[in-house]
Amino acid sequence: MAVIVDEVGADETRADQVEADEVRADEAATRRTEAQRAAGDGAKGGASPEKTPLLRRGVTVSVLLGAVAVLIGLAAWKGVQLHTANERAARDGTIVSTTKDVVAGLVSLDYTRTDKDLARVRESSTGAFLGQFNQMADSFQQVLGQGKVKSTGVVKEAGIVSADDDSATVLAAVTSTVSNTEAKDGQQRVYRMRVHLTLDGDKWLVENVEFVDE
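Since the model is a prediction, treat every value here as computed from it, not as a measurement.

Novice: How should the overall build of the protein chain be read in this particular structure?
Specialist: Regarding its fold elements, the protein chain presents four helices and five strands. The secondary structure elements of the protein chain, listed N-terminal to C-terminal, are α-α-β-α-α-β-β-β-β. The proportion of buried residues among the 214 residues of the protein chain is 22%. Residue pairs in contact within the protein chain that sit at least 24 positions apart in sequence constitute 52% of those at least 6 positions apart. Roughly 15000 Å² of accessible area belongs to the protein chain as shown, and the carbon and sulfur atoms make up 55% of that amount.

So this is what it looks like as C-alpha cells:
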C-alpha cells in the first residue's frame, strides 16, 4: 500500500513539473510574440525615436541656411543700390558744380585780365561752344578793353533738367553787376541759361549755352 502511495505521489510530482514547464514555455512564447509585434510596429512607424531628432535637426539646419542665403542676397542687392545711388549723387554734384563755375566765369570778366578770364572759359568748354567762343574771343576782348568793362557774376540757382553718364542739361539763374565807362557805379543784370554738358574722359565740359527768356 505504501508503494502505491509513493508511486501516486511521484506521478503527481511529475505532472506538476510538466505543467510548470508548459507554463514557462507559454510565457516565453508570449514574450517573443510581443517582442516581434513591437519590432513590427517600430518598422511600420518609420524612423526610430533615436533617429527622429537627428532628422529634425537636419531640416532645421537646412531652413536656417536657406534663410541666411536669402538675407545675404538681399544685403548684396541693397549694397548695389546704395553704391549706384552714391555714384549718381556724386555725378550730379560734379555736373552742377561745373555748370556754376563756367556760367559764373562767363559773366565775371575784367578788362584788366581778359587773357586769364577767357582761358578759364576755354578750359571748361568743348564742341560747338568752344569753336564759337574762340571765333569771338578777339572781338570780345576788344569790347571789354574799350568799354573798360568789369563784371562780377553769381549763380543763384542751378538745377539738372536731365542727366546720364555721358551728357547733361542744366538750368542756371545768374545775376551780375556790370560797370563800364557809361555806368561806373555798375548795373545789375539777371540771366537764365540752359547749359548742355558732355563727359570728356573724366571731366564734364560745356558744349553749348543758351539764354532763356524769363
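Novice: When you look at helix α4 (residues 127-147) in this model, what are you seeing that I'm missing?
Specialist: Given a rise of 1.5 Å per residue, 21 residues ought to cover 30 Å, and the 30 Å separating the end C-alpha atoms of α4 matches this to within 8%. Of all the bends found along α4, the most pronounced is centred on Ala137 and spans about 50°. Among the residues of α4, Phe129, Phe133, Ala137, Leu144 and Gly147 are the ones counted as buried. Looking one or two places after α4, you find Lys148, whose phi comes out positive at around 50°.

Novice: Whenever I open this one, the pairing of strand β2 (residues 150-163) confuses me. Can you help?
Specialist: Each regular strand carries side chains that alternate between the two faces of the sheet. In this sheet, β2 lies alongside strand β1 (residues 109-110) in antiparallel orientation, the contact comprising two bridges. Bridge assignment links Asp110 to a residue of β2, and that residue is Lys150. Taking the residues that link successive antiparallel strands as the turn, the β2-strand β3 (residues 167-179) hairpin has three residues.

Novice: Any chance you could explain the packing of helix α3 (residues 114-123) against α4 here in plain terms?
Specialist: For any two helices packed against each other, the geometry is given by the interaxial angle and the distance between the axes. Two elements in contact, α3 and α4, have axes separated by 11 Å at closest approach and are oriented at 165°. The angle between α3 and α4 falls in the class roughly antiparallel. Regarding α3 and α4, the two cross each other, and that crossing is right-handed. Of α4, the residues touching α3 (which contributes Thr114, Asp115, Leu118, Val121 and Arg122) are Phe129, Leu130, Phe133, Asn134, Ala137, Phe140, Gln141 and Leu144. Its residues assigned to classes, the contact of α3 with α4 shows eight nonpolar, three polar and two charged.

Novice: Hey, could you run me through the environment of Leu144 in this one?
Specialist: Tracing the backbone through its elements, the reader meets Leu144 in helix α4. Sequence-distant contacts of Leu144, that is, excluding residues within four places in its chain, are made with Leu109, Tyr111, Thr114 and Val149.

Novice: In this structure, what is going on with the pattern of salt bridges? I would like to understand it.
Specialist: Where side chains of opposite charge bring their charged atoms close, a pairing between them can arise. This model, assessed by the stated rule, comprises five salt bridges. Arg91 is the salt-bridge partner of Asp92, the closest N and O atoms lying 3.0 Å from each other. Linking Arg113 and Asp117 is a salt bridge whose minimum nitrogen-to-oxygen distance equals 2.3 Å. Residue classification places Arg113 among the partly exposed residues on the basis of a relative accessible area of 35%. One salt-bridge network, held together by shared partners, links Asp110, Arg113, Asp117 and Arg120.

Novice: Before we go on, may I ask you to explain the confidence of the model for the protein chain in this structure?
Specialist: Should pLDDT be low for a region, the predicted coordinates there are not to be read in detail. Mean pLDDT for the protein chain: 77, with 64% of residues reaching 70 or above. Put simply, helix α1 (residues 2-44) is where the protein chain has its lowest mean pLDDT, 53, and β3 is where it has its highest, 93. Long-range and interchain partners of residues 1-12, a stretch whose pLDDT sits below 50, account for zero contacts in this model, where long-range means more than four residues apart. Every residue in residues 42-49 is under pLDDT 50, and counting partners more than four places away or in other chains gives two contacts.

Conventions and cut-offs
- Chains are numbered independently. Their residues run from 1 in the order of the written sequence.
- Local features in this predicted model are restricted to residues whose pLDDT is 70 or higher, and side-chain atom pairs enter the listing and the counts only when it is 80 or higher, whereas totals over whole chains, interfaces and linings include all residues.
- Excluded from the side-chain calculation are hydrogens and water; included are all heavy atoms of the structure.
- A helix here means a DSSP run of H or I that spans at least four residues, while a strand means a run of E at least two residues long, and both kinds are numbered starting from the N terminus.
- Each residue's exposure class comes from its accessible area (1.4 Å probe, protein chains only) as a fraction of the maximum for that residue type: buried when under 20%, exposed when over 50%, partly exposed otherwise.
- The contact criterion used throughout is that any non-hydrogen atoms of two residues lie within 4.5 Å.
- To be clear on the numbers: accessible area is Shrake-Rupley with a 1.4 Å probe, and residue cover counts the displayed protein chains and nothing else.
- In this analysis, the expected span of each helix is defined as 1.5 Å times one less than the number of residues it contains.
- The bend reported for a residue corresponds to the angle between axes fitted to the seven residues ending at that residue and the seven starting there.
- In this description, strands pair whenever DSSP reports at least two bridges between them.
- Every axis corresponds to a line fitted to the C-alpha atoms, with the helix fit spanning only the stretch in contact, and the corresponding angles, defined between N-to-C directions, vary from 0 to 180 degrees.
- Orientation labels follow simple angle bins: below 35 degrees gives roughly parallel, above 145 gives roughly antiparallel, 65 to 115 gives roughly perpendicular, and whatever is left gives oblique.
- For any helix crossing, the convention is left-handed if the near helix is rotated counterclockwise from the far helix by under a right angle, and right-handed if that rotation is clockwise.
- As a working rule, the residues Ala, Val, Leu, Ile, Met, Phe, Trp, Tyr, Cys and Pro are called nonpolar, Asp, Glu, Lys and Arg charged, and the rest polar, with Gly in that last group.
- Any carboxyl oxygen of Asp or Glu within 4 Å of a side-chain nitrogen of Lys or Arg constitutes a salt bridge here.
- Confidence of the predictor in every single residue is expressed as pLDDT, which spans 0 to 100.

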